[in-house]
Amino acid sequence: MGFAVALEKAGVPTIPVSTHAFARLARATTLAEGMPTIRNAFVPQPVVGLSPGELRAYIEGNDPIAKRPFMDVVLEGLTSPLTEEDYKGATFERTTPRFLAPDTEDNLRQLFIEQGWTDFLPIILPTEQRVEAMLRGTARAGDTFVNRMAPTVFREKWDFDVEKVAINAVMAGCRPEYLPVVLALCSSGFSARSSSTTSWATISLVNGPIRGEIGMNSGIGAMGPYSHANTTIGRAYSLLSMNAQGGSEPGDTYMGSVGNNWNLTACFAENEEASPWTPFHVDKGHRADESTVGIFFGGWYTHAGFGPRETWQDKFRRMLVAADHFSPPFIVMDPLVAREFDKLGYDKAGLIKWCAENARMKARYYWDDQWITTLVKPHAEAGIEPFASRMKADPEELISIFAPEDIEIVVAGGETQGAFKMISGRLVGGGALRAGKTGGSPLFSVDDWR
Amino acid sequence: MPEKITVMDPRGYPPKVEGKRLAARPETLEGKVLYLIDCLFDNSDAFMEQLRDWFAHHMPRVETRFIKPRQSWVDDPEMRARIVEDGDVAIIGVGL
């Protein structure tokens, strides 16, 4: 939609064609772009998977929103003279007040639900007193700018400061000592409430001394709701994301078709003490006494297993090929598993290398994917490696689907079972998801926000 | 009567919206150059191909040109400059 606005601005009459499921989103986007009268045309959903004949029927049929012939909407949109409304455009300022109008607790709780400011679980109402207490968890002033955030790359970004993070941390039930971790996550500017139709989520990892200082759980049930800190920190990041970016409302600022329960809360700590390997943040160039957060963007699939058993290599190959190739995995291993791999002679880098070398599928399987077709194919056509080589491959040829830098390993768990999980999640801040970083560590400092 | 309390607004700060004007429209498409922009969503190329065929049959005096950006969702200034330079109107689809 932004592209159509840019062309109109440059003097080229343009009709953006969308499927009807995106009508509300299209209206909201063009309003925020200052061009609310842009002349959209709509066809029914879906377009994916339809034959040329079925697509032609869309063109010769009705626009499901205008309820008139689709081509009439297109041709009139390109040629009918501009109206007074068109000439006006839409310049306006929006503000969000610091305080809401006083009301009873019950009415305010209802207001927060009706306005879409909660995840529908009970919240702590953010009174000024509670927010001030939360702000004592950081040396930063409340009006310190933290970052800006949007639900997708093509939506407008909203700013937020330390006070806004503290307000959402209160709502989530955080204690003041958790605030530096929440601020570090939010400082990424990377939304935990992506609006992508793919229903992404973020899964956050905490490393360093802060884990022990605030009582995070990296042992039994590390990835479950068994720690006040783990649960409320993940929830605060999610609430801040939806509220700071201007919402996460289905049909407008959220379009994930199936949805994702990781969006509620997803934050855990590495069990550095029980791991045979260096901590995750040390691998990324930090000192062991620094505290950091890492954000994995995915949550699309989870595979799990035990081991390593005698046939672990076959198991891993099956899992890696079953992992959707547009979303590489990070592997969470119980310390028992990590130590067994260590005994087999694999360090983290060695095991990641093995995974990348053995994650191979037929080229025709790789390319027969909606995500790959939409986002990767243009890179391949532009000659960018490794995608160009994957495209040149014979359809029956086995091709590598992940590079070593796509895959990460984290050690967490309480040694009650030699279990591991392979979870969809690309590390934000590194490689393809830089999140405003231009180099250096992909992790975000907690110590900067103490 | 329950006590009234004051709480803080959890939302971020939205940017100011600057109004932008639509481009002036031609009276007719006859003899004009129409760019059909494939926004790269799955199967949108097939849709745009059908649109090109529709124009060839129903409005043959409209010159259609097919074009793709380098990436989906990301502005492609080079492509945009080309359309502005030698195009009269455009249709982009299918998706957002």
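Everything quoted here is computed from the prediction, not taken from an experiment.

*Asks:* Please clarify how the overall build of chain B should be interpreted in this entry.
*Replies:* The secondary structure content of chain B amounts to two helices and four strands. The order of α-helices and β-strands along chain B, N terminus first, is β-β-α-β-α-β. Its C-alpha radius of gyration of 21 Å places chain B more than 25% over the 12 Å reference for a compact globule of 96 residues. Principal axes of the C-alpha set define a box for chain B whose edges measure 75 × 30 × 30 Å.

*Asks:* How should the overall build of chain A be read in this particular structure?
*Replies:* Along chain A, the regular secondary structure elements total 18 helices and 16 strands. The globule rule puts the C-alpha radius of gyration for 450 residues at 22 Å, and the 24 Å found for chain A is close to it. Viewed in the frame of its principal axes, chain A has a C-alpha envelope of about 75 × 65 × 35 Å. Residues classed as buried in chain A amount to 47% of the 450 residues present. Considering only intrachain contacts with a sequence separation of at least 6, the fraction spanning at least 24 residues in chain A is 78%.

*Asks:* It is not clear to me how helix 14 (residues 335-343) of chain A should be interpreted in this structure. Could you clarify?
*Replies:* Three- or four-residue spacings in an α-helix give side chains the same orientation, since the helix completes a turn every 3.6 residues. Residues and elements named next belong to chain A. Taken together, the buried positions of helix 14 are Pro335, Val337, Ala338 and Phe341. Each buried residue of helix 14 sits inside an arc of 160° when the element is viewed along its axis, so together they form one side. The positive-phi residue at the C-terminal boundary of helix 14 is Gly345, with phi of around 100°.

*Asks:* Honestly, the domain arrangement of chain A in this entry has me stumped. Any pointers?
*Replies:* Accessible area lost when the parts come together is the quantity often used to give the size of an interface. All names here are of chain A. Structurally, chain A comprises domain 1 (2-88) and domain 2 (105-359 + 401-449). Taken over C-alpha atoms, the centre of domain 1 sits 38 Å from the centre of domain 2. Facing six residues of domain 1, the contacting portion of domain 2 comprises six residues. A per-element tally of the side of domain 1 that touches domain 2 places helix 2 (residues 23-32) first, with five residues. The residue makeup of the side of domain 1 that touches domain 2, split by class, is three nonpolar, two polar and one charged.

*Asks:* Even after reading the chapter, I still don't get the packing of helix 7 (residues 128-135) of chain A against helix 8 (residues 162-172) of chain A, so can you show me in this structure?
*Replies:* Packed helices, taken two at a time, are described by their axes: the angle between them and the distance between them. Residues and elements named next belong to chain A. Interaxial distance between helix 7 and helix 8 falls to 9 Å at its minimum, and their mutual angle equals 110°. The angle between helix 7 and helix 8 places the two elements in the roughly perpendicular class. Counting all contacts with helix 7, which are made through Arg130, Val131, Met134 and Leu135, the residues of helix 8 involved are Glu163, Ala166, Ile167, Ala169 and Val170. Its residues assigned to classes, the contact of helix 7 with helix 8 comprises seven nonpolar, no polar and two charged.

*Asks:* How do you make sense of the interface of chain B and chain A when you look at a structure like this?
*Replies:* Listed by partner, the interface residues are 54 residues for chain B and 90 residues for chain A. The set of elements that each furnish at least two residues to the side of chain B that touches chain A consists of strand 1 (4-5), helix 1 (44-58), helix 2 (77-86) and strand 4 (89-93) of chain B. For the side of chain B that touches chain A, the element with the highest residue contribution is helix 1 of chain B, accounting for six residues. Grouping the amino acids of the side of chain B that touches chain A by side-chain chemistry returns 29 nonpolar, 12 polar and 13 charged. Pairing of strand 1 (residues 14-19) of chain A with strand 4 of chain B involves three bridges; the strand directions are parallel. Along strand 4 of chain B, the bridge assignment pairs A:Thr14 with B:Ala90.

*Asks:* Got a minute to help me understand the pairing of strand 11 (residues 329-333) of chain A in this structure?
*Replies:* Regular strands place side chains that alternate from one sheet face to the opposite one. All names here are of chain A. Among the five residues of strand 11, five are classified as buried, and the element is accordingly described as predominantly covered. Inspection of the sheet shows strand 11 paired to strand 14 (residues 408-411) by four bridges, in the parallel sense. The residue of strand 14 that forms the bridge with Ile331 is Ile409.

*Asks:* Please explain the sheet that holds strand 2 (residues 33-38) of chain B as it appears in this structure.
*Replies:* Sheet strands line up and pair through hydrogen bonds in the backbone, either parallel or antiparallel. Across the sheet, which stays open at both edges, the five strands sit in the order 2(A)-1(A)-4(B)-2(B)-3(B) with parallel pairing between neighbours. Edge positions in the open sheet fall to strand 2 (41-43) of chain A together with strand 3 (63-67) of chain B, since each of these has one partner strand only. Between one strand and the next, the sheet's axes are offset by a mean angle of 20°, whatever the strand orientation. Sheet topology places strand 2 of chain B next to strand 4 of chain B; five bridges connect them, and they run parallel. Each residue of the ladder has a partner; that of B:Leu34, found in strand 4 of chain B, is B:Val89. Lying over the sheet, helix 1 of chain B contacts strand 2, strand 3 and strand 4 of chain B, oriented at roughly 160° with respect to strand 2 of chain B.

*Asks:* What exactly am I supposed to notice about helix 8 of chain A here?
*Replies:* Residues and elements named next belong to chain A. For helix 8, the tally of buried residues reaches 11 of 11 residues, placing the bulk of the element in the interior. Where helix 8 is concerned, the buried positions are Val162, Glu163, Lys164, Val165, Ala166, Ile167, Asn168, Ala169, Val170, Met171 and Ala172. Looking at the buried positions of helix 8, the neighbouring elements they touch are helix 7, strand 6 (145-149), strand 7 (158-161), helix 9 (179-187) and helix 11 (228-244). Just downstream of helix 8 lies Gly173, where phi reads positive at about 95°.

*Asks:* For this particular structure, what's the right way to read the nonpolar core?
*Replies:* The tendency in soluble globular proteins is for nonpolar side chains to be buried side by side. Ranked by size, the top nonpolar core spans 99 residues in total, and within it A:Val165, A:Ala166, A:Ala169, A:Val181, A:Val182 and A:Val293 carry the most contacts. Filtering out sequence-adjacent residues up to four positions away, A:Val182 remains in contact with A:Val165, A:Ala169, A:Cys174, A:Ile233, A:Ala236 and A:Tyr237. A:Val5, A:Ile38, A:Phe42 and B:Val94 belong to the second largest nonpolar core, which has 45 residues in total.

*Asks:* Just to check I follow, could you spell out the environment of B:Gly93 for this structure?
*Replies:* As for its placement among the helices and strands, B:Gly93 is situated in strand 4. Setting aside anything within four residues of it in sequence, one finds B:Gly93 in contact with A:Pro16, A:Val17, B:Cys39, B:Ser44, B:Phe47 and B:Met48.

*Asks:* Can you help me understand the pairing of strand 7 of chain A in this one?
*Replies:* Residues and elements named next belong to chain A. Here strand 7 shows a clear split, with Trp158 and Phe160 buried on one side and none of Asp159 and Asp161 buried on the other. Across four bridges, strand 6 lies against strand 7 in antiparallel orientation. Residue pairing across strands places Phe145 opposite Asp161, the latter belonging to strand 7.

Calculation notes
- All residue numbers refer to position in the chain's written sequence, counted from 1.
- Here the convention is simple: chains get letters from A, ligands get numbers from 1, in the order in which they are written.
- Residue-level local features of this predicted model are given only where pLDDT is at least 70; pairs of side-chain atoms are given and counted only at 80 or more, and the full residue set underlies all totals for whole chains, interfaces and linings.
- Secondary structure follows DSSP: runs of H or I at least 4 residues long count as helices, runs of E at least 2 residues long count as strands, and numbering of each begins at the N terminus.
- Radius of gyration here is computed from C-alpha atoms only, and the compact-globule reference equals 2.2 Å multiplied by the residue count raised to the power 0.38.
- Residue burial here comes from a neighbour count, namely the number of other C-beta atoms, placed from the backbone, that lie within 10 Å of the residue's own C-beta, with 20 or more meaning buried, 12 or fewer meaning exposed, and in between meaning partly exposed.
- Think of it this way: build a C-beta for each residue from its backbone, and any pair within 7 Å is a contact.
- The directions considered for the arc are those from the helix axis to the C-beta atoms.
- Marked domain ranges trace back to an automatic or database domain assignment.
- In this count, Pro and Cys sit with the nonpolar residues alongside Ala, Val, Leu, Ile, Met, Phe, Trp and Tyr, while Asp, Glu, Lys and Arg are called charged and the others, Gly among them, polar.
- In this description, a line fitted to the C-alpha atoms serves as the axis of each element, helices being fitted only across the stretch in contact, and the angle between N-to-C directions of two axes falls anywhere from 0 to 180 degrees.
- Convention used here: angles under 35 degrees read as roughly parallel, angles over 145 as roughly antiparallel, angles from 65 to 115 as roughly perpendicular, and any remaining angle as oblique.
- Paired strands, as defined in this entry, are two strands with at least two bridges between them according to DSSP.
- Throughout this description, the term nonpolar core refers to a group of buried Ala, Val, Leu, Ile, Met, Phe, Trp, Tyr and Cys residues whose C-beta atoms join them within 7 Å.

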